[in-house]
Amino acid sequence: MSDATQPAPGVDKAGALETSRLAWKSPTPELILSSKSWLNSRLASPYRCPTSSEKRTLDELLWGAAWLRRATQDDNFLNYIQANGKTLGADDNINEFGWDNKHAGLNVLVSKEVIEGNMYSLESYKSSAESFLCTLIPESPTSHIQYTPGGLVYRPGGSNLQHATSIAFLELVYANYLTHTSQAINCGNVYVSAQTLRQHAKRQVDYILGDNPMGLSYMVGYSNYYPQRIHHRGSSLPSIKDHPQFIACKEGSIYYNSTNPNPNVLVGAIVGGPDENDDYEDDRIDFRKSEPTTYINAPFVGVLAYFAANPNVS
């Protein structure tokens, strides 16, 4: 990649480090200082006046600033979010949250300050978050997210379960905001409650774990029926115990092209998932469906953690 197309160094790292710090709840001033340093270096960089190819990194600036605001309550980051939201694309209705697009997650994250903290200067973020959530609800007049016949969120492009897991995660986060403040989302002529968002998220979970037309769990190792030929080198190559000889980078084709199940079960990995008709061929070569990724699993960890702690959500 050229410098013009790769994500701005340090920006996503700032958000990631602060997320980690909050998750572990351990006071680490050094980590905060490092995160601030990285983000501030990006805010002073040419990325503030981007070329068209650099615009894909702008959401990372806001994402990093939002997390540092959340972690430190530093008004400098609040001011940055308030002043630069429109310039950096926060008002753009980009209904996606993933490794290369933080807009929907950013809007949900910042909405907490509006809903629970009455920070009305950030109202535009809340409006964008709720506009996004309304598109997910089939009964909403603004619904336009595609679903498979079996009820799975579907977006073209491969690795579709990244969308199902990340959307479910955001729905649960926003549902908690609504619960804490006894609010609902106004989607035109439909009011969407916290319970509705949780039910929608749970439907995605149930689908992924086997409640789907194929009866297949898309999490490897879960249930008795799951993908056996996933697109993963470590899973598809023989173990060193069974094959002690070195296997060079270009010597794995015999295993890659094999129709045999992978010899090593990558327990917990979630593959890319089925197509728009709920069909899935257990084919290692079809990486768009069979490749597990961290950006599919990561939000699903949060989703499962929520339902493990709240098993009675229907």
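Residues numbered from 1 in each chain as written. Predicted model: local features only at pLDDT ≥ 70, side-chain atom pairs only at ≥ 80, totals over all residues. Heavy atoms only, no water.

Enquirer: Explain the overall build of the protein here, please?
Expert: A count of helices and strands for the protein gives 12 helices and four strands. In the protein, which comprises 314 residues, the proportion classed as buried is 46%. Put simply, 63% of the contacts in the protein that link residues at least 6 apart link residues at least 24 apart. Accessible surface for the protein amounts to roughly 15500 Å². Of this, 54% is attributable to carbon and sulfur atoms. (Helix = DSSP H or I, 4+ residues; strand = E, 2+ residues; numbered from the N terminus. Buried < 20%, exposed > 50% of the residue type's maximum accessible area, 1.4 Å probe, protein only. Contact = heavy atoms within 4.5 Å. Areas by Shrake-Rupley, 256 points an atom, 1.4 Å probe, with all protein chains shown as cover.)

Enquirer: Please clarify how the state of the cysteines should be interpreted in this entry.
Expert: Here is the idea: a disulfide is a covalent bond, and it sits between the sulfur atoms of two cysteines. Within this structure, the stated rule accounts for one disulfide. The partner cysteine of C134 in its disulfide is C187, sulfur to sulfur 1.9 Å. Its S-S torsion of approximately -85 degrees makes the covalent link between C134 and C187 left-handed. In this pair, C134 sits in helix 6 (residues 123-136) while C187 sits in strand 3 (residues 185-187), placing the two residues 53 residues apart along the sequence. Residue C187 is classed as buried on the basis of its relative accessible area of 2%. (Disulfide = S-S within 2.5 Å.)

Enquirer: Looking at this structure, I do not really get the side chain of T293. What am I missing?
Expert: Residue placement: T293 occurs in the loop between helix 11 (287-290) and helix 12 (294-309). Here T293 falls in the buried class, since its relative accessible area comes to 12%. Among the polar contacts made by the side chain of T293, one reaches the main-chain amide nitrogen of I296 at a distance of 3.1 Å. (Polar contact = N/O pair within 3.5 Å; in protein donor to acceptor, adjacent residues only side chain to side chain.)

Enquirer: Would you explain helix 6 in this entry?
Expert: Every α-helix carries 3.6 residues per turn, so stepping three or four residues along brings you back to the same face. Here helix 6 spans 21 Å end to end across 14 residues, near enough to the 20 Å set by a 1.5 Å rise per residue. Across the 14 residues of helix 6, 10 count as buried, placing the element largely inside the fold. (Expected span 1.5 Å × (residues − 1).)

Enquirer: Sorry, what's going on with unusual backbone geometry here?
Expert: Negative phi characterises most residues that are not glycine, and trans characterises most peptide bonds. Although it is not a glycine, N118 adopts a positive phi angle of roughly 55 degrees. Along the chain, the position of N118 falls in the loop between helix 5 (103-115) and helix 6. The class for N118 is partly exposed, based on a relative accessible area of 48%. You will see that S182, though not glycine, has its phi angle at about 55 degrees, which is positive. You can see S182 is positioned in the loop between helix 7 (161-181) and strand 3.

Enquirer: Hey, could you run me through the packing of aromatic side chains in this one?
Expert: Each pair of aromatic rings is reported with the distance of its centres and the angle of its planes. Under the defined criterion, the tally for this structure stands at seven aromatic pairs. Between W99 and Y295, the ring centres sit 6.2 Å apart and the planes meet at 35 degrees, which makes this aromatic pair tilted. Within this pair, whereas W99 is found in the loop between helix 4 (75-84) and helix 5, its partner Y295 is found in helix 12, the two being separated by 196 residues in sequence. Through pairs of rings, three or more aromatic residues link up here, namely W63, W67 and F97. (Phe/Tyr/Trp six-rings, centres within 6.5 Å; stacked < 30°, edge-to-face > 60°.)

Enquirer: Explain the side chain of H163 here, please?
Expert: On the secondary structure map, H163 appears in helix 7. The residues touching H163, leaving out its near neighbours within four places in the chain, are E96, V153 and R155.

Enquirer: Sorry, what's going on with the environment of S193 here?
Expert: Its place among the elements puts S193 in the loop between strand 4 (190-192) and helix 8 (194-208). S193 gets classed as partly exposed once you look at its relative accessible area, which sits at 28%. Each C-alpha atom of the pair S193 and Q183 lies 7.4 Å from the other, and the pair is 10 residues apart in sequence. Not counting residues within four places of it along the chain, the set of residues in contact with S193 comprises L178 and A184.

Enquirer: Any chance you could explain the packing of helix 3 (residues 58-72) against helix 4 here in plain terms?
Expert: For any two helices packed against each other, the geometry comes down to the angle between their axes and how far apart the axes lie. Between helix 3 and helix 4, the shortest axis-to-axis distance is 8 Å and the interhelical angle comes to 145 degrees. Where helix 3 crosses over helix 4, the two elements pack in a sense that is left-handed. On helix 4, the residues touching L61, L62, A65, A66, L68, R69 and T72 of helix 3 are D75, F77, L78, Y80, I81 and N84. A breakdown of the residues in the contact of helix 3 with helix 4 according to their chemical character gives nine nonpolar, two polar and two charged. (Axes fitted to C-alpha atoms, helices over the stretch in contact; angles between N-to-C directions. Left-handed = near helix turned anticlockwise from the far one by under 90°. Nonpolar A, V, L, I, M, F, W, Y, C, P; charged D, E, K, R; others polar.)

Enquirer: Any chance you could explain the pattern of salt bridges here in plain terms?
Expert: When the charged atoms of two side chains with opposite charge come close together, those side chains can pair. For the structure shown, the criterion picks out 11 salt bridges. Close ionic contact of K126 with E130 constitutes a salt bridge, the shortest N to O distance being 3.3 Å. Taken as a pair, K126 and E130 lie in helix 6 at a separation of four residues, close to a single helical turn. Where D211 meets R203, a salt bridge forms, and the shortest distance between an N and an O atom there is 3.7 Å. Taking the relative accessible area as the measure of exposure, R203 reaches 29% and is therefore partly exposed. Residues participating in the shared-partner salt-bridge network are R69, D75 and E113. (Salt bridge = Lys/Arg side-chain N within 4 Å of Asp/Glu carboxyl O.)

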